[in-house]
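Here is what each chain is made of, one letter per residue.
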Amino acid sequence: MTQTTPLPTPRLGEPYLLTPGPLTTAYSTKEAMLKDWGSWDADFRAMTKSLCNQLVALAGDTKGEFVCVPMQGSGSFSVEAMLGTFIPWDGKVLVLANGAYGLRAAETMKYLGRGYTLIDKGDYMPPRGDEVAAALDADPDITHVIVIHCETSSGILNPVAEISEAVYAKGRKLLIDSMSAFGALPLDVNEIRYEAMVSSANKCIEGVPGFGFVIARRSELENAKGNSHSLALDIHAQWAYLEKTGQWRYTPPTHVVAAFLEALRLHAEEGGVAGRGARYTRNRDVMVEGMRELGFETLLKDRWLSPIIVTFFCPADPNFVFNDFYEKMKQKGFIIYPGKLTVVDSFRVGCIGRMDEHVMRNVVQAAKEALAEMGVTSAAPPAAAIAERAKLAA
Ligand SMILES: *Cc1c(COP(=O)(O)O)cnc(C)c1O
């Protein structure tokens, strides 16, 4: 799907956020926050219900087998809530990490004081189905596996379908952190088996920050009563209260919910997950092609590149200083994101948020001008970066 009319700019003079959430939102989404709501009022209860129904529908559930439970806080609060609620005290989790968010899930397990083991693939190597199967064979105590759908620290799109097959073939259960992918990449419960997944308001649905949500198999949630270590982060208790009263247990982020409903309306208008995913894919393709023409190289081979965020190596040219590049990009209207690789210098450019290929062409133009102003003649990465990338399996 090619967009021909440019999306309107977020607001005159406001930079675009090329970051993976908070991100650039539509004007109407911001405008939806101009009204105050009573959290107990029937109007707000209806808004919560609509939000949950729409999210369950986005996950492809038509049989009423899945439920959606919103949770106050940033995305990490919901990850912690999901892990604390679905992992029983005598359970054990296999954490699949290939970046900061996988490692954060492992750290969360440490705080929860429950059993876990870690496969750490480093900065960006994908965990594969066969190694998950081998790890599950080797440790019969493992009850659950958690995988990051799009590992936002490198932008790698992990093979969740392959991992789900391996997990259920071994009779274990899968939890997914789809924070930065849900709403743009399919995670249909009819196609990929899992017990629960988590995402948040300020990623691919293009809402503002303030809450996350867990979409879980109803039977699994019913069995999770009493598991949680935390009063406020108990997904079962939140769900039970919502079912009984239609209200969130504690103060909900009312304005954020109102904005999110407008964001969901725009999401549906764009063609749902397929439409949103197509726009982001086009954003990525236009931006990556333009950056490669300037000499920049991506960390990942095309196969693993997500349409969410892309990591580029910093140029080897000694005139390239990331902080200067960042400031120049900001002056030109674009906030980019520093890289998170441990071995070589990098930076990231997000493809998500209220922007389209026209904006991405301007991003490339801004990068070109910034390089020229810095006196950088080649954007080619150092040899060490290329050697690092060569380790990435085909
Ligand atoms: C954004 C994100 C989170 C949550 O981060 P917060 O800063 O707590 O919102 C978790 N996992 C992934 C993969 C993410 O992209």
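Criteria and thresholds
Residues numbered from 1 in each chain as written. Predicted model: local features only at pLDDT ≥ 70, side-chain atom pairs only at ≥ 80, totals over all residues. Heavy atoms only, no water. Pairing = 2+ DSSP bridges. Helix = DSSP H or I, 4+ residues; strand = E, 2+ residues; numbered from the N terminus. Near = heavy atom within 4 Å. Polar contact = N/O pair within 3.5 Å; in protein donor to acceptor, adjacent residues only side chain to side chain. Areas by Shrake-Rupley, 256 points an atom, 1.4 Å probe, with all protein chains shown as cover. Nonpolar A, V, L, I, M, F, W, Y, C, P; charged D, E, K, R; others polar. UniProt positions renumbered as here; feature names shortened; annotations may be inferred. Buried < 20%, exposed > 50% of the residue type's maximum accessible area, 1.4 Å probe, protein only. Contact = heavy atoms within 4.5 Å. Domains from an automatic or database assignment. Buried area = accessible area lost by both parts, 1.4 Å probe. Salt bridge = Lys/Arg side-chain N within 4 Å of Asp/Glu carboxyl O. Axes fitted to C-alpha atoms, helices over the stretch in contact; angles between N-to-C directions.

1. Observations regarding the sheet that holds strand 11 (residues 309–313)
Working step 1: An order of 11-14-13 is seen for the three strands of this open sheet, with the pairing classed as antiparallel. The sheet is open, and its two edges are formed by strand 11 and strand 13 (337–338), each paired on a single side.
Working step 2: Taken together, the five bridges between strand 11 and strand 14 (residues 346–350) define a ladder with antiparallel strand orientation. Each residue of the ladder has a partner; that of Ile309, found in strand 14, is Gly350.

2. Focus on the site of the ligand
Working step 1: Neighbouring the ligand are Ser74, Gly75, Ser76, Tyr101, Arg104, Ile148, Cys150, Thr152, Asp177, Met179, Ser180 and Lys203.
Working step 2: With respect to the ligand, the side chain of Ser74 contributes an N or O atom lying 2.5 Å from an oxygen atom.
Working step 3: The separation between an oxygen atom of the ligand and a polar side-chain atom of Thr152 is 2.5 Å.
Working step 4: Isolated, the ligand exposes 380 Å² of accessible area, and the fraction of that covered by the protein chains is 86%.
Working step 5: Elements with a contribution of two residues or more to the shell around the ligand: helix 3 (75–86) and helix 4 (100–112).
Working step 6: Grouping the constituent residues of the shell around the ligand by class yields four nonpolar, five polar and three charged.

3. Examining the UniProt feature "modified residue: N6-(pyridoxal phosphate)lysine" (unreviewed entry) in the protein chain
Working step 1: The residues that UniProt annotates with the feature "modified residue: N6-(pyridoxal phosphate)lysine" (unreviewed entry) are Lys203.
Working step 2: By the secondary structure assignment, Lys203 is in the loop between strand 9 (196–200) and strand 10 (211–217).
Working step 3: Taking relative accessible area as the criterion, Lys203 reaches 8% and is therefore assigned buried.
Working step 4: Contact partners of Lys203, with chain neighbours within four places excluded, come to Pro20, Leu23, Met179, Ser180 and Ile352.
Working step 5: Reaching out from Lys203, the side chain makes a polar contact with the backbone oxygen of Pro20 at a distance of 3.5 Å.

4. A word on the pairing of strand 8 (residues 173–177)
Consecutive side chains along a regular strand alternate between the two faces of the sheet.
Working step 1: With four of five residues buried, strand 8 lies mostly within the body of the structure.
Working step 2: Bridge count between strand 5 (residues 144–148) and strand 8: five bridges; the pairing is parallel. The residue of strand 8 that forms the bridge with Val145 is Leu174.
Working step 3: Sheet topology note: the strand 8/strand 9 ladder contains three bridges and is parallel. Residue Leu175 lies in a different strand from strand 9, and its bridge partner there is Ala196.

5. Points about the domain arrangement of the protein chain
Working step 1: Domain parsing of the protein chain yields domain 1 (16–24 + 272–393) and domain 2 (28–268).
Working step 2: In this complex, domain 1 contributes 33 residues to the contact, which on the side of domain 2 involves 32 residues.
Working step 3: When domain 1 packs against domain 2, the two sides together hide about 2,600 Å² of surface, and 60% of this comes from carbon and sulfur.
Working step 4: Together, Val273, Arg276 and Trp304 form the three largest contributors to the area buried by domain 1 at its contact with domain 2, with a combined 25%.
Working step 5: There are two salt bridges connecting domain 1 and domain 2.
Working step 6: Note that Glu206 and Arg276 form a salt bridge whose closest N and O atoms lie 3.7 Å from each other.
Working step 7: When residues of the side of domain 1 that touches domain 2 are traced back to their parent elements, those giving at least two are helix 10 (272–293), strand 11 and helix 13 (383–390).

6. A short note on unusual backbone geometry
Working step 1: Along the chain, Gly21 connects to Pro22 via a cis peptide bond; the corresponding omega equals 0°.
Working step 2: If you trace the backbone, Pro22 turns up in the loop between strand 1 (16–17) and helix 1 (27–31).
Working step 3: The phi angle at Glu206 is positive, at roughly 70°, despite the residue not being glycine.
Working step 4: Its place among the elements puts Glu206 in the loop between strand 9 and strand 10.
Working step 5: Note on Glu206: relative accessible area 4%, which makes it buried.

7. Some details on the UniProt feature "domain: Aminotransferase class V" (unreviewed entry) in the protein chain
Working step 1: The positions UniProt marks with the feature "domain: Aminotransferase class V" (unreviewed entry) are residues 130–301.
Working step 2: Secondary structure over residues 130–301 splits into 42% helix and 15% strand, and the C-alpha atoms at its two ends are 21 Å apart.

8. Considerations on the sheet that holds strand 8
Working step 1: Across the sheet, which stays open at both edges, the seven strands sit in the order 2-10-9-8-5-3-4 with mixed pairing between neighbours. With partners counted over all chains shown, the strands left at the sheet margins are strand 2 (66–72) and strand 4 (115–120), one partner each. Here the average twist between neighbouring strands, direction ignored, is 20°.
Working step 2: Relative to strand 3 (residues 92–97), helix 4 is tilted by about 155°, and along the sheet it contacts strand 3, strand 4, strand 5 and strand 8.

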